[in-house]
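Results of the structural survey
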Amino acid sequence: MADDERLICTSAALRNSGKAVRFEVEYFGENAPAFVVRFEERVYGYLNRCGHMPMELDWREGEVFDLLGHDLICSTHGATYAAASGKCTGGPCGKTPLVSLQMEERDGKVYFKGIDDG
Ligand code: FES
């Protein structure tokens, strides 16, 4: 699915393994919560929806990394996801990954470009 490119935040708003910036995307005709994070210098965006149950990952806004800053973690039952791929790495998400978004960083800004498998 190709959505129009949309400015989400400045590059400076995202620190490695730091807080996510939340935004909304259209997914199957409805507004859906999403977020973007920086991990090992690159930016990654996902729908903010756990693979276990349709819950947002962060109960404190933007807090999506585990304590080590390696994986993304759902605050409801502790499912973990690889920050660079969205693949489930532990907990009750089984084989269900996060829905990943196409993000692009250029000229000090971060853009949403579309949904990978929407
Ligand atoms: S809703 Fe995310 S782990 Fe259960």
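Residues numbered from 1 in each chain as written. Predicted model: local features only at pLDDT ≥ 70, side-chain atom pairs only at ≥ 80, totals over all residues. Heavy atoms only, no water.

What follows concerns the environment of Lys95. Position of Lys95 relative to the elements: it lies in the loop between strand S7 (88–90) and strand S8 (100–106). Placed 20 residues apart in sequence, Lys95 and Ser75 show a C-alpha to C-alpha distance of 18 Å. (Helix = DSSP H or I, 4+ residues; strand = E, 2+ residues; numbered from the N terminus.)

Let's shift gears to the packing of aromatic side chains. Within a pair of aromatic rings, the relevant descriptors are the distance that separates the centres and the angle that separates the planes. Tallied over the entire structure, the rule returns four aromatic pairs. Taking 5.8 Å as the distance between ring centres and 55° as the angle between the ring planes, the aromatic pair formed by Phe23 and Phe112 counts as tilted. Within this pair, whereas Phe23 is found in strand S2 (residues 21–27), its partner Phe112 is found in strand S9 (residues 109–115), the two being separated by 89 residues in sequence. Its relative accessible area of 10% is what places Phe23 among the buried residues. Judged by centre distance (6.0 Å) and plane angle (50°), the rings of Phe35 and Tyr46 are tilted. In this pair, Phe35 sits in strand S3 (residues 30–39) while Tyr46 sits in strand S4 (residues 42–47), placing the two residues 11 residues apart along the sequence. One exposure class covers both Phe35 and Tyr46, and it is buried. Here the guanidinium or amino end of Arg106 rests over the ring plane of Tyr111, the centre of that ring lying 4.2 Å away. (Phe/Tyr/Trp six-rings, centres within 6.5 Å; stacked < 30°, edge-to-face > 60°. Buried < 20%, exposed > 50% of the residue type's maximum accessible area, 1.4 Å probe, protein only. Lys NZ or Arg CZ within 6 Å of the ring centre and 35° of its normal.)

Another aspect to go through is the side chain of Asn48. Relative to the helices and strands, Asn48 resides in the loop between S4 and strand S5 (71–73). Residue class for Asn48 comes out buried when judged on its relative accessible area of 1%. A polar side-chain atom of Asn48 sits 2.7 Å from the main-chain amide nitrogen of Leu57. Within the structure, Asn48 has its side chain in polar contact with the side chain of Asp58 (distance 2.8 Å). (Polar contact = N/O pair within 3.5 Å; in protein donor to acceptor, adjacent residues only side chain to side chain.)

Attention now goes to the pairing of S9. Look at any regular strand and the pattern is simple: side chains alternate between the two faces of the sheet. S9 sits mainly inside the fold: five of its seven residues count as buried. Relative to S9, S8 runs antiparallel, the two sharing six bridges. Bridge pairing in S9 places Leu101 opposite Ile115. Where S8 hands over to S9, the hairpin turn is made up of two residues, of which Asp107 adopts a positive phi near 50°. (Pairing = 2+ DSSP bridges.)

Before going further, it helps to spend a moment on the pattern of salt bridges. Scanning all chains against the criterion turns up seven salt bridges. The partner of Glu5 in a salt bridge is Arg106, and the shortest N-O contact between them spans 2.8 Å. You can see Glu5 sitting in strand S1 (residues 2–10) and its partner Arg106 sitting in strand S8, a full 101 residues away along the chain. Residue classification places Glu5 among the partly exposed positions, given a relative accessible area of 37%. Judged by relative accessible area, which is 29%, Arg106 ranks as partly exposed. With a shortest N-O distance of 3.2 Å, Glu104 and Lys113 are connected by a salt bridge. What makes Lys113 partly exposed here is its relative accessible area of 27%. Each of Glu5, Glu104, Arg106 and Lys113 takes part in a single network of salt bridges with overlapping partners. (Salt bridge = Lys/Arg side-chain N within 4 Å of Asp/Glu carboxyl O.)

Nothing here speaks to function; it is geometry throughout.
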